Amino acid sequence: RQPVTVEPMEIWSTRSGRWALFILGWAALSLLFAPEAYLSFYLRHNPMSWQETLQLTVINSAISLLFIPGIVFLTRRFPLERKRWRLALAVHVPACLAFSGLHSVLYAIACHAWNDAGGTLFYRFHPNLLTYWAFVGATQAFDYFRKYQEREREVTRLSVEMLKAQMQPHFLFNTLHTISAMMHVDVQRADRMLSRLSSLLRMTLGNIGRQEVRLADELAFVEAYLEIERERFG
């Protein structure tokens, strides 16, 4: 049996794959904050070992993951757009404060530090605010990127349709059939017609994606088309 390989883009194309990659990336990013947490406890005269610091970092990241689906839902339901930014802020500001408070409470419970819940809330409130808005920004950036890809695919599809409209299949097939017949009668004439067809195709492909075309280019296109028709019909 041949081994089955999975490309990274195939994983990224599925919803479960995107979530798996996101969780792995978030876990790796969270570990980068372990030195900051270690220094924070050290400066508060409550030093901890690196093992305990890593455990607290993982717990903090795991608690944040519990809120990610809700933050993503709110971001997509109330995006920060020019026409709706007031409504979006009216939703996200209370949600941000609620996330910061609930995260601090759960963090205190998970760390068996309920007696110091007030201190935990004080130390974690500001980082939690940044975490919330980081999730909002990442969600909107991903959605904009996805919309950009969809527009690129739509532009490509419309370009192909435009090419088909400009160079209809029956005209191309009839021209090639005429050239094939001329090859047995007049090689120079067939070669000349093939050159004109090549120029016509080159102009057609060169105009794909252009919103405006010069009048001189359009007239050259029509002239090339008419030259082919004159060769066919005299």
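Residues numbered from 1 in each chain as written. Predicted model: local features only at pLDDT ≥ 70, side-chain atom pairs only at ≥ 80, totals over all residues. Heavy atoms only, no water.

## A word on the packing of helix 4 (residues 50–77) against helix 5 (residues 85–110)
To describe two helices that pack against each other, one gives the angle between their axes and the distance between the axes.
Inference 1: Two numbers describe how helix 4 lies on helix 5: the axes approach to 10 Å, and their chain directions differ by 155 degrees. The angle between the axes of helix 4 and helix 5 places the two elements in the roughly antiparallel class. The way helix 4 lies across helix 5 gives a crossing that is right-handed. Of helix 5, the residues touching helix 4 (which contributes Leu56, Ile59, Asn60, Ile63, Ser64, Phe67, Ile71, Leu74 and Thr75) are Val91, His92, Ala95, Phe99, Leu102, His103, Leu106, Tyr107 and Ala110.
Inference 2: Its residues placed into classes, the contact of helix 4 with helix 5 shows 13 nonpolar, five polar and no charged. (Axes fitted to C-alpha atoms, helices over the stretch in contact; angles between N-to-C directions. Helix = DSSP H or I, 4+ residues; strand = E, 2+ residues; numbered from the N terminus. Parallel < 35°, antiparallel > 145°, perpendicular 65-115°, else oblique. Left-handed = near helix turned anticlockwise from the far one by under 90°. Contact = heavy atoms within 4.5 Å. Nonpolar A, V, L, I, M, F, W, Y, C, P; charged D, E, K, R; others polar.)

## A few points about a nonpolar patch on the surface
Inference 1: A surface patch of nonpolar side chains, about 560 Å² in accessible area, is lined by Leu80, Trp85, Leu89, Val93, Leu97, Phe125 and Trp133.
Inference 2: For the nonpolar patch, the secondary structure elements donating two or more residues are helix 5 and helix 6 (117–166).
Inference 3: Ranked by the residues each element gives to the nonpolar patch, the list is headed by helix 5, at four residues.
Inference 4: Relative to the helices and strands, Trp133 resides in helix 6.
Inference 5: Classification of Trp133 as partly exposed rests on a relative accessible area of 31%. (Patch = residues over 30% accessible without salt bridge, like charges linked within 9 Å, V, L, I, M, F, W, Y side chains within 5 Å. Areas by Shrake-Rupley, 256 points an atom, 1.4 Å probe, with all protein chains shown as cover. Salt bridge = Lys/Arg side-chain N within 4 Å of Asp/Glu carboxyl O. Buried < 20%, exposed > 50% of the residue type's maximum accessible area, 1.4 Å probe, protein only.)

## A word on the environment of Met203
Inference 1: By the secondary structure assignment, Met203 is in helix 8 (residues 187–206).
Inference 2: The spatial distance from the C-alpha of Met203 to the C-alpha of Asp217 is 8.2 Å, given a sequence separation of 14 residues.
Inference 3: If sequence neighbours within four positions are ignored, Met203 has contacts with Ala220, Phe221 and Ala224.

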